[in-house]
Structure formats: structure tokens, C-alpha cells
Amino acid sequence: MKKIKPRIPEGGAIEDQPEMTMEQYSEIMKKQLGKEYIRFAKNVIEKVSPNPHSKVLEIGPGPGWAGIQLLLKRPDLELNGLEASADMIRVAQNNAKKEGLADGIKYTKAVGEEMKGVPDNSYDLVISRDSLHHWINPEKVFLQIKRVLKENGKVYIHDHRRDLNLFGRLIVNIIGPLAAGKMVKYWKSSIAAAYTKEEIEEILKKIDCKDWNVQTELMDLTILKK
Ligand SMILES: C[S@@+](CC[C@H](N)C(=O)[O-])C[C@H]1O[C@@H](n2cnc3c(N)ncnc32)[C@H](O)[C@@H]1O
């Protein structure tokens, strides 16, 4: 069996840095990952089919582009973003306003591990994109998701996977610098902090999330509850 390197955690909130404000981060992400955000929104709609007027919670929205794309496609949804970084919330609020969605999206500063103030059984769908590898304690976040989801609630959590095969590693190392420029170092550190399908399945088994599934693609993994 292939030996997989241990995780190198990235840990916690992403905040303004001396070399880059979160406004700059947001613009780079929009330019480089614009199509990925659209793909994420399309996948949420196709794979978990949110019911009309669903109440959706996004964990770690960062600059907000993923949730914004979802609301542009499905304006009937109500979206709340739970984000650990005040700097990201400032940027996401501004982005939502510029897209004409200021009334449809509300952001709250909190971590997924605690979800302070979020009532039990209050959401129809929980989504997240590329935030899982930052969570200090994914088990606690999954338990919170279970708590705040309504009966028959849905989950769509998408992230990198650490156990890339040779083709995946070639993409990061050869196409990465061409496609992502100086951001490739963040891509690589995100992959090193990411989980494998087996690691996630072990956590889900421990906390009895029987109807949650983990699916993998070449570069990514997705946790689904339909
Ligand atoms: C790599 S960014 C991804 C942002 C966005 N989802 C995207 O796809 O562009 C990860 C985000 O998760 C946030 N975050 C990290 N740990 C968190 C936690 N435990 N609870 C909530 N947000 C968290 C970070 O502050 C950051 O905004």
C-alpha cells in the first residue's frame, strides 16, 4: 500500500497579512478560481438538490465567492456564512453587496467547532468549500453540523485530498506554477493539510454519521449527505 505523508496542519482563520490583505486575496481567488466557484455551485445543486427556499449554512466562506455563486443560481435560498476571520467577513460582505446579494446573505464570526448561537435543527443544508483542511477539530465540526441540521438535512463539503496519485502530483508541480503563480505555495500547503477519504470515514464512523458518504476525484474529496 502507498505510504501517505502525515498531515501538516494549516490551522484556523486566514487573516490580513503584511504581504496581502484579504481584499487582495479575494481578487486573486476570483480571477484564478472563478470557474471553480461556479462548478462548486453547480455541483451543490446537482448532487444534493436543495429544496426550494432551503436555509443554507456555509462554513468558512472566506471571500464568499462559492456561496455567492450558489445564490446567483438559486436566489430562493437563504444563506448564512459562519467564518472564523473578521477580515474575511469584511471582504465577503462587500463582495455580496457588489453582487446585489447583501440582503440574501448574512455572515457571522464564529468557528465551526462551536457554532455559538446557532439553534438545533435549524438548517436544511450545510455547505463548505476548501475550509475543512483548516478546521482544528473536524470531529467537533461534524458533530455541530449534525446538531444544527434539520431532520433529513443535507451536507456538501468539498476540499483537497492529501493522497494525490502521481498524475495529481504532476498537475500541482508542473501545471500549478503556471496556473496559480505565487499562490501555488498555498495550494501545496493546503494539500499537505488536507485529509484522505479513509481519515474522514473514520471520524464519521466514530460519531455515527451513517448516511454521510465520502467521494473522491483526482484532486479533491467531497463529503455528501443527500
Ligand atoms: C482556504 S479558505 C477558503 C475560503 C472559501 N470557502 C473559498 O473556497 O474561497 C478557508 C476559510 O475557512 C476559514 N476557517 C478556517 N477554520 C475555520 C473554522 N474552524 N470555522 C469557520 N471558518 C474557518 C478561514 O478563515 C478561511 O476563510
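Residues numbered from 1 in each chain as written. Predicted model: local features only at pLDDT ≥ 70, side-chain atom pairs only at ≥ 80, totals over all residues.

Undergrad: Would you explain the nonpolar core in this entry?
TA: The tendency in soluble globular proteins is for nonpolar side chains to be buried side by side. Core analysis: the largest hydrophobic core is formed by 49 residues, its most contacted members being V44, V56, L70, V126 and V155. In terms of residue count, helix α1 (residues 22-48) provides more of this core than any other element does, eight residues in total. Excluding anything up to four places from it in sequence, V56 contacts P50, L77, E78, L79, Y123, D124, L125 and I127. (Core = buried A, V, L, I, M, F, W, Y, C linked by C-beta atoms within 7 Å. Buried ≥ 20, exposed ≤ 12 C-beta atoms within 10 Å, placed from the backbone. Helix = DSSP H or I, 4+ residues; strand = E, 2+ residues; numbered from the N terminus. Contact = placed C-beta atoms within 7 Å.)

Undergrad: Is there a simple way to explain the packing of α1 against helix α2 (residues 65-73) in this structure?
TA: How two helices pack is summed up by the angle between their axes together with the distance between the axes. Two elements in contact, α1 and α2, have axes separated by 8 Å at closest approach and are oriented at 50 degrees. Of the possible angle classes, the one that applies to α1 and α2 is oblique. When you trace α1 past α2, the crossing you get is right-handed. Here M29, K30, Y37, I38, F40, A41, V44 and I45 of α1 lie close against α2, whose contacting residues are W65, A66, Q69, L70 and K73. Split into classes, the residues belonging to the contact of α1 with α2 amount to ten nonpolar, one polar and two charged. (Axes fitted to C-alpha atoms, helices over the stretch in contact; angles between N-to-C directions. Parallel < 35°, antiparallel > 145°, perpendicular 65-115°, else oblique. Left-handed = near helix turned anticlockwise from the far one by under 90°. Nonpolar A, V, L, I, M, F, W, Y, C, P; charged D, E, K, R; others polar.)

Undergrad: Please explain the site of the ligand as it appears in this structure.
TA: Every one of the 24 residues lining the ligand counts as a neighbour, but G60, G62, A84, S131 and H134 are closest to it. Partitioned by chemical class, the residues of the shell around the ligand number 13 nonpolar, seven polar and four charged. (Near = placed C-beta within 6 Å.)

Undergrad: Sorry, what's going on with α2 here?
TA: For an α-helix, 3.6 residues make a turn, and residues three or four places apart therefore share a direction. Judged by how many residues are buried, α2 sits mostly within the fold: seven of nine residues are covered. Residues W65, A66, G67, I68, Q69, L70 and L71 constitute the buried set of α2. Along its buried surface, α2 packs onto α1, β1 (55-59), β2 (78-83), α3 (86-98), β3 (105-109) and β4 (123-129).

Undergrad: Explain the pairing of strand β7 (residues 220-225) to me, please; I cannot follow it from the model alone.
TA: In summary, the side chains of a regular strand alternate between the two faces of the sheet. Sheet topology note: the strand β5 (residues 149-160)/β7 ladder contains six bridges and is antiparallel. When the sheet's bridge partners are listed, I157 is paired in β7 with I223. Bridge analysis of strand β6 (residues 213-216) against β7 gives four bridges, and the strand direction is antiparallel. Following the sheet pairing, V214 is matched in β7 by I223. Linking two consecutive strands that pair antiparallel, namely β6 and β7, is a turn of three residues. (Pairing = 2+ DSSP bridges.)

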